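Structural overview for review
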Amino acid sequence: MFKSFSRQVTILRHSDGWYDDSGNYVDGSINEITIQASVQRLKIQELSALNVSIDGNYFVNYIKIYSAEELIPSANHSNGDMLIWNGRKYRVIYSSPSFGRVIEHYKSIAVEVIDD
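Note that the structure is predicted; figures quoted are calculated from it, not measured. (Residues numbered from 1 in each chain as written. Predicted model: local features only at pLDDT ≥ 70, side-chain atom pairs only at ≥ 80, totals over all residues. Heavy atoms only, no water.)

1. Some points on the sheet that holds strand β6 (residues 82–85)
As summarised here, the arrangement of the six strands in space is β1-β4-β5-β8-β7-β6, forming a closed barrel in which the pairing is antiparallel. The sheet shows a mean angle of 45 degrees between the axes of neighbouring strands, taken without regard to direction. Bridge count for strand β1 (residues 7–14) against strand β4 (residues 30–41) is eight bridges, and the pairing is antiparallel. Counterpart to V9 in the pairing with β4 is I35. (Pairing = 2+ DSSP bridges. Helix = DSSP H or I, 4+ residues; strand = E, 2+ residues; numbered from the N terminus. Axes fitted to C-alpha atoms, helices over the stretch in contact; angles between N-to-C directions.)

In structure tokens, the structure reads:
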């Protein structure tokens, strides 16, 4: 899939948390996995067309990811997949399958995470 355009990228995926015997929530661990994906900068027109809220973040970077593996979008800016690309972290905010076409794949969108 996309062999000439895909590269290895690192995904940080959260495992599910649990409640201990005292009823306290314990966060799950973060697992690092490697996938093959084509990563490209997202055009603002594409973001608008997908009706994804940019939450007033006009000066952050958005990317699109094409992969055979499904990526998990975050809910309320937590627990979704994070992607490391060109030394920067991106949080997956959207993912959709594209099946029934010539090459079955997932298209995901991620926003750069700016650490404070």
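2. Thoughts on the nonpolar core
Formed by 13 residues in total, the largest nonpolar core has its most connected members in V9, V39, I63, I65, L83 and W85. Among the elements of the structure, β1, β4, β5 (62–67), β6 and β7 (88–98) are those that each provide at least two residues to this core. (Core = buried A, V, L, I, M, F, W, Y, C linked by side-chain atoms within 4.5 Å. Buried < 20%, exposed > 50% of the residue type's maximum accessible area, 1.4 Å probe, protein only.)

3. Re the pattern of salt bridges
Considering all chains together, one arrives at two salt bridges under this definition. Between R13 and D81 there is a salt bridge, and its shortest N-O distance comes to 2.6 Å. Of this pair, R13 sits in strand β1 while D81 sits in the loop between β5 and β6, and the two are 68 residues apart along the sequence. Judged by its relative accessible area of 0%, D81 is buried. (Salt bridge = Lys/Arg side-chain N within 4 Å of Asp/Glu carboxyl O.)

4. Brief notes about the pairing of β1
Working note: regular strand, side chains alternate between the two faces of the sheet. Pairing analysis gives three bridges linking β1 to β6, with the strands arranged antiparallel. Bridging across to β6, I11 finds its partner in L83.

5. As for the packing of aromatic side chains
Counted by the stated rule, this structure contains two aromatic pairs. Between Y19 and Y25 the ring centres are 5.2 Å apart and the planes differ by 65 degrees, which places this aromatic pair in the edge-to-face class. (Phe/Tyr/Trp six-rings, centres within 6.5 Å; stacked < 30°, edge-to-face > 60°.)

6. A closer look at the pairing of β5
The buried fraction of β5 is high, at six of six residues. The alternating pattern of β5 places Y62, K64 and Y66 and I63, I65 and S67 on opposite faces, both of which are buried. Across five bridges, β4 lies against β5 in antiparallel orientation. Residue pairing across strands places Q40 opposite K64, the latter belonging to β5. One ladder, built from six bridges, connects β5 with strand β8 (residues 105–112); its direction is antiparallel. Residue pairing for β8: Y66 is matched across the bridge by K107.

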